[in-house]
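Residue-level listing of the chains:
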Amino acid sequence: MKSVIQAVKGTRDFYPEEMAVRNWLYGKIREVSQLFGYQEYEGPILERIDLYAAKSGEELVKEQAFVFPDRGGDLITLRPELTPTLARMVAQRQNTLVYPLRWWSFGPFWRYERPQKGRTREFFQWNIDLIGVDSPEADAELIAVCAMFFEKIGLNSQQVGILVNNRRLMESQLEQIGIGERLRQQVFRLIDRRDKMSPVDWDAYAQEIGLHVEQLQKLKEMLSDPELWQMSSELVRVFEILEEMGLRQYVQFEPQIVRGLDYYTGTVFEARDRARDGRAILGGGRYDNLVADVGGNPLPGVGFAMGDVMIGIVLEKYGLLPNLAKTPAQVLVTVFDETRIKLSFALAAELRRAGISTIVYPEAVKLPRQLKFADRIGVRYVLIVGPDEEAAGVVTVKNLTTGEQENIGRLEIVNWLNRHLPD
RNA sequence: GUGGCUGUAGCUCAAUGGCAGAGCGCUUGACUGUGGAUCAAGAUGUUGUGGGUUCGACCCCCAUCAGCCACCCCA
């Protein structure tokens with residue numbers, strides 16, 4: 001035990017139980033993505049570091065990416081996010097793709113950070129994007145995808161909410177109080193930290209950036225105005241569409257949401273536990289310059305990303321993780337003794353040809369051990385072929401759930417199982 | 001990158017500086033063709049790792065690794 005080599009920090013082993021949950025999540029993601037007509041795609045896991053230099057945000061690449069030189073000396077990055085890859089893939093075939101593009105993906109990502117609650121170094125992320133349209137209806141569609149996903153997975157609008165804002169709205173409001181492009185990024189950071197700092201520290205931080213007392217006062221008024229969204233024709237339209245789609249209850253305006261990544265240009269949103277537990281479940285928004293930033297012609301887009309770790313924590317908290325069958329096997333064929341091993345293997349092969357998932361015990365150990373094994377892996381039916389059965393031309397079928405058993409004619413067994421197995 | 005807490009049996013956790021334990025799980029049996037329940041017996045440890053203090057260290061000190069949590073940042 002002591003000599004087992006340690007797993008890499010911040011990675012998780014997916015034992016069959018965890019793998020089943022991950023695949024279940026993947027399935028729900030696929031279901032909702034396809035329900036909206038999105039196509040699945042995937043990019044490489046390795047990218048040149050230059051791809052991220054463009055726009056991802058300084059820190060994400062410099063300090064939070066796994067970077068290494070390949071044998072030719074080029075710096076290669078384990079992808080920390082997918083959006084730049086998406087932008088590259090679109091730019092490469094910009095003139096042949098049919099717009100608007102609706103694409104989704106689910107795959108692994110890496111960030112070199114200290115692991116903690118809701119965050120690991122290796123994680124899986126759902127990315128979904130609508131590219132080639134800059135309408136608020138497109139923004140609303142992505143938010144709707146998000147809300148439908150919650151609905152499908154069993155999270156109701158009392159448990160989780162999608163907080164929405166618009167960077168253009170915030171920019172114009174900031175203009176009105178005399179904050180221009182020069183201070184914009186810093187003020188966005190300030191807004192982003194409103195809840196994370198004490199009011200006193202926050203005021204001090206604001207003044208440090210260079211806000212006058214009057215500007216700070218006006219900024220506070222902005223951030224506490226729940227009706228501010230009505231100043232944005234885009235947000236008005238977004239909420240209107242979501243209302244018509246019957247998903248309005250999941251969504252609310254939140255002026256403090258501006259998102260960390262630099263490439264967002266319009267509507268931004270993130271989903272959180274309503275109880276304010278933990279970090280954001282997902283985050284996204286509109287990015288209208290990204291394709292141009294990697295060398296393509298300007299093309300607008302909107303999308304979001306959801307990590308598997310935080311959604312897993314939320315689903316666990318609300319008891320929504322499914323009870324998944326332990327084994328895919330529907331039937332276990334026991335081996336009665338050495339001389340009857342061939343009988344059991346032949347029977348198992350016959351069941352498999354009929355499409356029945358079957359395990360055959362691989363050695364002639366005592367029957368109680370084989371039954372105990374069947375019970376522990378969670379298989380429903382056990383088949384026994386001993387001397388009595390062989391002589392009578394039957395098979396004993398035992399249902400481990402009910403404890404009942406009966407003899408079925410050897411030639412009837414496939415039909416019998418097909419009638420009694422679930423599905 | 002910064003700070004805090006924690007590392008003892010497969011798991012969850014006890015043990016005043018003085019013989020390393022319990023519950024669960026596991027193995028075997030009660031039950032030679034039947035799992036779960038019950039009862040009985042049994043096995044399991046380099047106390048994360050490396051140093052130091054001490055007559056003596058799971059316990060105190062230092063370092064290191066890992067896990068958890070917060071910061072930073074973000075999914």
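A. The arrangement of the protein's contact with RNA strand B in detail. RNA strand B sits among 48 residues. The nearest are Arg-111, Arg-189, Arg-193, Arg-259 and Arg-376. Each atom of RNA strand B within 4 Å of the protein belongs either to a base or to sugar and phosphate, the latter forming 53%. Side-chain polar atom of Arg-111 to a sugar or linking oxygen of RNA strand B: 2.3 Å apart, as the coordinates give it. Between RNA strand B and the protein, one listed contact pairs a sugar or linking oxygen with a side-chain N or O atom of Gln-125 at 2.9 Å. Ranked by residues supplied to the surface near RNA strand B, first place goes to helix H14 (residues 367-377) with seven residues.

B. View of the domain arrangement of chain A. Taken domain by domain, chain A comprises domain 1 (16-317) and domain 2 (331-420). Of note, the centres of domain 1 and domain 2, computed from C-alpha atoms alone, are 53 Å apart.

C. Quick peek at helix H6 (residues 167-176). Those residues of H6 that fall on the buried side of the exposure criterion are Arg-167, Leu-169, Met-170, Gln-173 and Leu-174. Taken end-on, H6 shows its buried residues confined to a sector of 155°, consistent with a single buried face. Of the surrounding elements, those touching the buried residues of H6 are strand S7 (160-166), helix H7 (181-192), helix H9 (213-223), helix H10 (233-244), strand S8 (251-253) and strand S9 (267-273). Among the residues of H6, the N-terminal cap falls to Asn-166, whose side-chain oxygen and the backbone nitrogen of Arg-168 are separated by 2.7 Å.

D. Looking closely at the pairing of strand S15 (residues 394-399). With five of six residues buried, S15 lies mostly within the body of the structure. As paired strands, strand S14 (residues 381-384) and S15 are joined by four bridges and run antiparallel to one another. In the strand pairing of S15, Tyr-381 is matched with Asn-399. Sheet topology note: the S15/strand S16 (residues 405-409) ladder contains five bridges and is antiparallel.

E. Main features of the packing of aromatic side chains. A full pass over the atoms with the stated rule returns 15 aromatic pairs. Site record: aromatic cluster; members linked through ring pairs are Trp-126, Phe-149, Phe-150, Tyr-250, Phe-269 and Phe-304. A cation sits over an aromatic face here: Arg-22 above Phe-124, 3.9 Å from the ring centre. One cation-aromatic arrangement involves Arg-194 over Trp-202; the distance from NZ or CZ to the ring centre is 4.6 Å.

F. Up close: the nonpolar core. By size, the foremost hydrophobic cluster in this structure holds 70 residues, and its most contacted members are Trp-126, Phe-149, Phe-150, Ile-162 and Leu-219. Residue contributions to this core peak at twelve residues, all from helix H5 (residues 136-153). Membership of the second largest hydrophobic core comes to 23 residues, among which are Ala-91, Leu-97, Phe-123 and Leu-163.

G. Local environment of helix H16 (residues 413-420). Ile-413, Val-414, Trp-416 and Leu-417 are the residues of H16 that are buried. Mapping the buried residues of H16 onto a view down its axis gives an arc of 160°, with all of them on the same face. In this structure, the buried residues of H16 make contact with strand S12 (331-333), helix H13 (341-353), S14, S15 and S16.

H. Broad picture of the sheet that holds strand S11 (residues 301-307). Spatial strand order, S1-S5-S6-S11-S10-S9-S7-S8: eight strands in an open sheet with mixed pairing. Single-partner strands in this sheet number two, and they are strand S1 (39-40) and S8. Pairing geometry for strand S6 (residues 122-131) and S11, over seven bridges, is antiparallel. Each bridged residue has a counterpart across the sheet, and for Asn-127 the counterpart in S11 is Ala-305. The strands touched by helix H12 (residues 308-317) within the sheet are S6, S7, S9 and S11, with S11 carrying the most contacts at an inclination of about 60°.

I. Examining the packing of helix H1 (residues 16-35) against H5 more closely. Closest axis-to-axis distance for the H1/H5 pair is 10 Å, and the angle between their directions is 135°. Relative to H5, the element H1 lies oblique. Note on packing geometry: the crossing formed by H1 with H5 is right-handed. For the pair H1 and H5, contact is made by Trp-24, Leu-25, Lys-28, Ile-29, Glu-31, Val-32 and Leu-35 and by Val-145, Met-148, Phe-149, Lys-152 and Ile-153, respectively.

What counts and what doesn't
- Residues numbered from 1 in each chain as written.
- Chains lettered and ligands numbered in written order.
- Predicted model: local features only at pLDDT ≥ 70, side-chain atom pairs only at ≥ 80, totals over all residues.
- Heavy atoms only, no water.
- Near = heavy atom within 4 Å.
- Polar contact = N/O pair within 3.5 Å; in protein donor to acceptor, adjacent residues only side chain to side chain.
- Helix = DSSP H or I, 4+ residues; strand = E, 2+ residues; numbered from the N terminus.
- Domains from an automatic or database assignment.
- Buried < 20%, exposed > 50% of the residue type's maximum accessible area, 1.4 Å probe, protein only.
- Arc of directions from axis to C-beta.
- Contact = heavy atoms within 4.5 Å.
- Pairing = 2+ DSSP bridges.
- Phe/Tyr/Trp six-rings, centres within 6.5 Å; stacked < 30°, edge-to-face > 60°.
- Lys NZ or Arg CZ within 6 Å of the ring centre and 35° of its normal.
- Core = buried A, V, L, I, M, F, W, Y, C linked by side-chain atoms within 4.5 Å.
- Axes fitted to C-alpha atoms, helices over the stretch in contact; angles between N-to-C directions.
- Parallel < 35°, antiparallel > 145°, perpendicular 65-115°, else oblique.
- Left-handed = near helix turned anticlockwise from the far one by under 90°.

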